[in-house]
Amino acid sequence: METILQAVDLCKVYGNGTAANKFVNLTVRRGEILGLVGENGAGKSTLMKVVYGEEPPSSGTLLLDGKSVRFGSSRDAIAAGIGMVHQHFMLVPSLTLAENLVLGREPRKKSGMYDLNRAVRIAEELSAKYNLRIIPRARVVDVSVSMRQKLEILKTLYRGARILILDEPTSVLTPQETDELFAELKALRDKGQTIIFISHKLGEVFQLCDRVTVMRDGAVIATHDIGDVDRQTISNEMVGREVRLTLDKKAAAPGGTALEVRDLSFVDDFGITMVDRVSFSLRKGEILGVVGVDGNGQSELVRILTGHARTLTGSVRKGGTDLTNASPRKVRKAGMAHVAEDRMTVGTALPASIADNLLADRYSEPAFTGGGFLRRSAIQAEAKGIVQRFDIRCSSPNQAVASLSGGNMQKVVIGREFTAAADVLVVSQPTRGVDIGAIEFIHRTILSMRDEGKAILLVSSDLGEVLSLSDSLIVMHSGKIVAWFPDASAVTDKELGLYMLGLKTQDEIEIRKVLHE
Amino acid sequence: MSDGTRTKTLPGKVGLFFTNRDALEPALVTLFAAVFSLLAGVGLIFLVSKEPAQSARNFLLGPFLRTYNIYYMMIAMVPLTFTGLALCIIYQSKHMSLIVDSSFYIGAVVATAAGIHVALPAGWHPAFAMLAAGITGGFIGLLPAILKIRWRANELVSSLMLNYVFYFVGSFVILYFLRDRNQTILSSLPFRNTFLLPRLIPNTQLHAGFIVAAVFVVLVSVFLYRTKWGYEIRMIGANQKFAAYAGLSVPTVILYSHFVSGFLGGMGGAIEMAGLYKAFIWQMNPSYAWDGVIVAMLARKNPKFVPLSAFFLAYMRVGADFMSRRGDVAFEFITLLQGLIILILASDKIVNYFKARRLQRTALARTAEARAAGAPAGGAE
């Protein structure tokens, strides 16, 4: 098969000195689905940004149809026939799907006026031609995430894309929607479309792709035909060493209730009920997983529990302490730690030093402050201890967090929260953006904290992670708890998918058992 | 990053002065801004002056050609140091309040009242006035903070507006309660002798306020970098969302940082009164807060560099003054130079230019090396 796109010795160094791509050589063949896999921070997204013209390369060349190209912006890339669907959709929510589709290239009547009817016709034709079902006259706000994604794909096709880049398209989809998307993508390929599929989920790559290119640490490690390779090989290449894909886990021994959550509700600024009378009890020595498609109230639930949002109804109690609508400060004082979902803007202070970040929840304890003055040697010792235990790679704890690599920034947050004096832990997306080697360590630490008798609420959009770590599970859909599974190991992800989509709901009596009353 | 492990340094701070390039390079850029502005000043002189060489010499060397000019610089450093320190604290918390202008002015008014109406022995008298002015300045400093916390009013805007309010309040108090009606010009009643600060050197105006300013440089440095309150201020400055998440009470920190800042402003106003004047004779607000902005920016928000940058600003001022008295270039031309300094220092891209370039180069070289060594990737960082 002929080569359509080629990167030769491509390097990309960002202004802060991060070498995100190091002499990358990539070959994409016409009419194939190429999987681009690697851990977060391996350089996949950067490479695609360079290909899509969003970032100029620092050195190296890009060949399209054998000719050297240099894109000044993504407009040039689009003109050359490259389309990209970002992880976060770029749509105007208040416009209809048809209007979004033609945005920037609107069909016009002879008078020069916008021709809405033709826009709808174009949408219908494209939708039928590529078998991507959308409702042209519906507004974007009113349709499902998976339909928005189809619209994004159609948008690139409408603009004449011959090469389609999809950046982790399945992270917002349920298992069922993922299957549907894959069937559609294969049909597109059979029509001659070239697709680059970025993912870090190996299962999906094996399901979908013809070839797979593995990236690690900014460089391309290997490229395989999908038939000639197995999962273990690829995951070893992604990490650079042997990875254990399974987790040794003792059975849980849940104790008494550590956190009593009753009837929480939250309505967002747009008047949408994000959390709808949520009740559960979190027990000591238990990991309770919360699963759901992103945006079904999990984040808001966590924000209420940790003092960052106010609930309209109900209560949160920890032992004898009432934590309903308490400040984050009071929540922490009561013995609750919180690994924030957004590590860059909430979980760390980037310009401050590692030590300042690690001590932020405990600097005022007598061990670290006396008479208002900081005890500097104690602070240094504590920071060094955490740096060592969590293997934060730095030259000194006085280095600014901003100068660390992404994975090490994550470890700063994990290190602080996992060493906090707390017996209840709310953990959001503990391994998002963390490399596989560290994931193993984080998982083992979470389990050992559970075995110490701490109560852990685990919210993660990585189904595999929740399923392997959790002792029991609750599933959230449009703000409600729709299912409770006392034994997480007895659930399949297909079954979970039905609940996550809202196609199935357990009855009230079953769900109420999570109160352990 | 190649600085070794340091055990004795404070979190968030590396070494006493510069121990790595991350700190050194912005300092060099700051130096560049200073030198560049001086050179631009010389260029301007050559553009407008009839005898440029003489004027340029007076501008650049004048401050050191006369002993009294050296004292002038030291005297001018005192208010600049106080407002500079006050703004360092505000800027460290990433707020933009300029209310310290009011704190300074009202501080001077409060000190005037104390200097006229309070009877205390020498030494105690100015100390009492400074404390009273500081506390008043502190409470004034709180106002934009309260507006911000309560109604999310932008503290820069509200402080600028309040500055007008307090200027007129101050003038009103002087005019109606403290004015000396026997004088034809606007002046308050004379201060009691016990109120006046002692001179450090006889027959000069250099007063004990210079020592007080020096002491406060040390105090504010310690406060910001060695106490938990300073830590809290720096944390809400580094990332306010993070500070709240980690359990800091952000409103409390905003309140006391503004109070401390206003306190310093108020003290500065009182010292200016007790050090330099025999009565309150300001016809308008001297607006040292704006100078404090330049001082704090030149010091890169770090109190320990405030004396240096206050000295630089005083040097420019005295030089320009000396030159304008002896030539045809107006004193006001240094406002141009100050604007230039702010423009350069406010641009992150200029300040971090060398760092970005160096990081890019080393990163590229490192990957090229790794590749030459046959490794497919750079390995762990």
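Residues numbered from 1 in each chain as written. Chains lettered and ligands numbered in written order. Predicted model: local features only at pLDDT ≥ 70, side-chain atom pairs only at ≥ 80, totals over all residues. Heavy atoms only, no water.

With respect to the packing of aromatic side chains
All names here are of chain B.
And then number 1: Under the criterion given, the structure shown has 25 aromatic pairs over all chains.
And then number 2: Aromatic pair F104 and W282: ring centres 6.2 Å apart, planes at 10°, arrangement stacked. One end of the pair, F104, is in helix α4 (residues 100-117); the other, W282, is in the loop between α10 (250-276) and α11 (288-298), and 178 residues separate them in sequence. Accessibility classification places F104 together with W282 in one group, the buried group.
And then number 3: Here F312 and Y315 contribute two aromatic rings whose centre-to-centre distance is 6.4 Å and whose plane-to-plane angle is 40°, an arrangement assigned as tilted. Here the residue F312 and the residue Y315 both occupy positions in helix α12 (residues 306-326), the gap between them amounting to three residues, near one helical turn. In this pair, the class of F312 matches that of Y315, namely buried. (Phe/Tyr/Trp six-rings, centres within 6.5 Å; stacked < 30°, edge-to-face > 60°. Helix = DSSP H or I, 4+ residues; strand = E, 2+ residues; numbered from the N terminus. Buried < 20%, exposed > 50% of the residue type's maximum accessible area, 1.4 Å probe, protein only.)

A word on the packing of α11 of chain B against helix α13 (residues 333-346) of chain B
Residues and elements named next belong to chain B.
And then number 1: Interaxial distance between α11 and α13 falls to 10 Å at its minimum, and their mutual angle equals 40°. Between α11 and α13, the crossing angle belongs to the class labelled oblique. When you trace α11 past α13, the crossing you get is left-handed. Where α11 approaches α13, its residues D291, I294, M297 and L298 are matched on the opposing element by Q338, I341, I342, L345 and A346.
And then number 2: Of the residues belonging to the contact of α11 with α13, the class tally is seven nonpolar, one polar and one charged. (Axes fitted to C-alpha atoms, helices over the stretch in contact; angles between N-to-C directions. Parallel < 35°, antiparallel > 145°, perpendicular 65-115°, else oblique. Left-handed = near helix turned anticlockwise from the far one by under 90°. Contact = heavy atoms within 4.5 Å. Nonpolar A, V, L, I, M, F, W, Y, C, P; charged D, E, K, R; others polar.)

Topic: the domain arrangement of chain A
When the parts come together, some accessible area is lost, and that loss is often what is quoted as the size of the interface.
And then number 1: Examined at the domain level, chain A breaks down into domain 1 (3-239) and domain 2 (257-335 + 422-515).
And then number 2: Computed over C-alpha atoms only, the centres of domain 1 of chain A and domain 2 of chain A are separated by 33 Å. (Domains from an automatic or database assignment.)

Quick look at the packing of α4 of chain B against helix α6 (residues 155-178) of chain B
Residue and element names in this part refer to chain B.
And then number 1: Running from amino to carboxyl end, α4 crosses α6 at an angle of 15°, the nearest separation of the two axes being 8 Å. Comparing their axes, α6 and α4 come out roughly parallel. In this structure, α4 meets α6 at a crossing whose hand is left-handed. Between α4 and α6, the contacting residues are D101, S102, Y105, I106, V109, T112, A113, I116 and H117 on the first element and L162, N163, F166, Y167, G170, S171, V173, I174 and L178 on the second.
And then number 2: Its residues assigned to classes, the contact of α4 with α6 comprises eleven nonpolar, six polar and one charged.

Section: α13 of chain B
Note on helix geometry: an α-helix contains 3.6 residues per turn, so any two residues three or four positions apart are oriented the same way.
Residues and elements named next belong to chain B.
And then number 1: Taking 1.5 Å per residue, 14 residues should reach 20 Å; α13 reaches 21 Å between its end C-alpha atoms and fits that length.
And then number 2: Buried within α13 we find F333, I334, L337, Q338, I341, I344 and L345. In a view along the axis of α13, the buried residues occupy a sector of 150°, so they form one face of it. Turned more than 90 degrees away from the buried face of α13 sit T335, L336, L343 and A346, all of them exposed. (Expected span 1.5 Å × (residues − 1). Arc of directions from axis to C-beta.)

Comments concerning the pattern of salt bridges
All names here are of chain A.
And then number 1: One pass over the structure, following the stated rule, counts 34 salt bridges over all chains.
And then number 2: D179 is paired through a salt bridge with K494; the nearest N and O atoms lie 3.0 Å apart. Placement of D179 in helix α6 (residues 175-190) and of K494 in helix α17 (residues 493-500) is noted, with a sequence separation of 315 residues between them.
And then number 3: D179 sits in the partly exposed class, given a relative accessible area of 34%. (Salt bridge = Lys/Arg side-chain N within 4 Å of Asp/Glu carboxyl O.)

Overview of a nonpolar patch on the surface
And then number 1: A surface patch of nonpolar side chains, amounting to about 450 Å² of accessible area, comprises L24, L28, L31, V35 and L39 of chain B.
And then number 2: Within the secondary structure layout, L31 of chain B lies in helix α1 (residues 21-48). (Patch = residues over 30% accessible without salt bridge, like charges linked within 9 Å, V, L, I, M, F, W, Y side chains within 5 Å. Areas by Shrake-Rupley, 256 points an atom, 1.4 Å probe, with all protein chains shown as cover.)

Structural notes on the nonpolar core
And then number 1: Counting residues in hydrophobic clusters, the biggest one holds 141 residues, and the most contacted among them are F418 of chain A together with F59 and F333 of chain B.
And then number 2: Looking at this core, the element that brings in the most residues is helix α3 (residues 67-92) of chain B, giving twelve residues.
And then number 3: Contact partners of F59 of chain B, with chain neighbours within four places excluded, come to L38, I45, Y315, M316, G319, A320, M323, F333, I334 and L337 of chain B.
And then number 4: Membership of the second largest hydrophobic core comes to 45 residues, among which are A98, V102, V140 and L181 of chain A. (Core = buried A, V, L, I, M, F, W, Y, C linked by side-chain atoms within 4.5 Å.)

Some details on the side chain of S103 of chain B
And then number 1: With respect to the helices, strands and loops of the structure, S103 of chain B is situated in helix α4.
And then number 2: Not counting chain neighbours up to four residues away, the residues in contact with S103 of chain B comprise G137, I140, G141, G262, G265 and G266 of chain B.

Notes on the interface of chain A and chain B
And then number 1: Each side of the interface is counted separately: chain A has 58 residues, and chain B has 47 residues.
And then number 2: Seen at the junction of chain A and chain B, the total is one salt bridge.
And then number 3: D356 of chain A serves as the salt-bridge partner of R234 of chain B, at 3.3 Å between the closest nitrogen and oxygen.
And then number 4: Between the two partners, chain A and chain B, sit 14 residue pairs in polar contact (both at pLDDT 80 or more).
And then number 5: Tallied by class, the residues present in the side of chain A that touches chain B amount to 23 nonpolar, 22 polar and 13 charged. (Polar contact = N/O pair within 3.5 Å; in protein donor to acceptor, adjacent residues only side chain to side chain.)

Brief notes about the pairing of strand β4 (residues 59-64) of chain A
Residues and elements named next belong to chain A.
And then number 1: Note that strand β1 (residues 3-13) and β4 share five bridges and pair antiparallel. Of the residues in β4, the one forming a bridge with V8 is T61.
And then number 2: As paired strands, β4 and strand β5 (residues 67-69) are joined by three bridges and run antiparallel to one another. Considered in β5, the bridge of L63 is made with S68.
And then number 3: The loop that links β4 with its antiparallel partner β5 comprises two residues; one of these, D65, has a positive phi angle of about 55°. (Pairing = 2+ DSSP bridges.)

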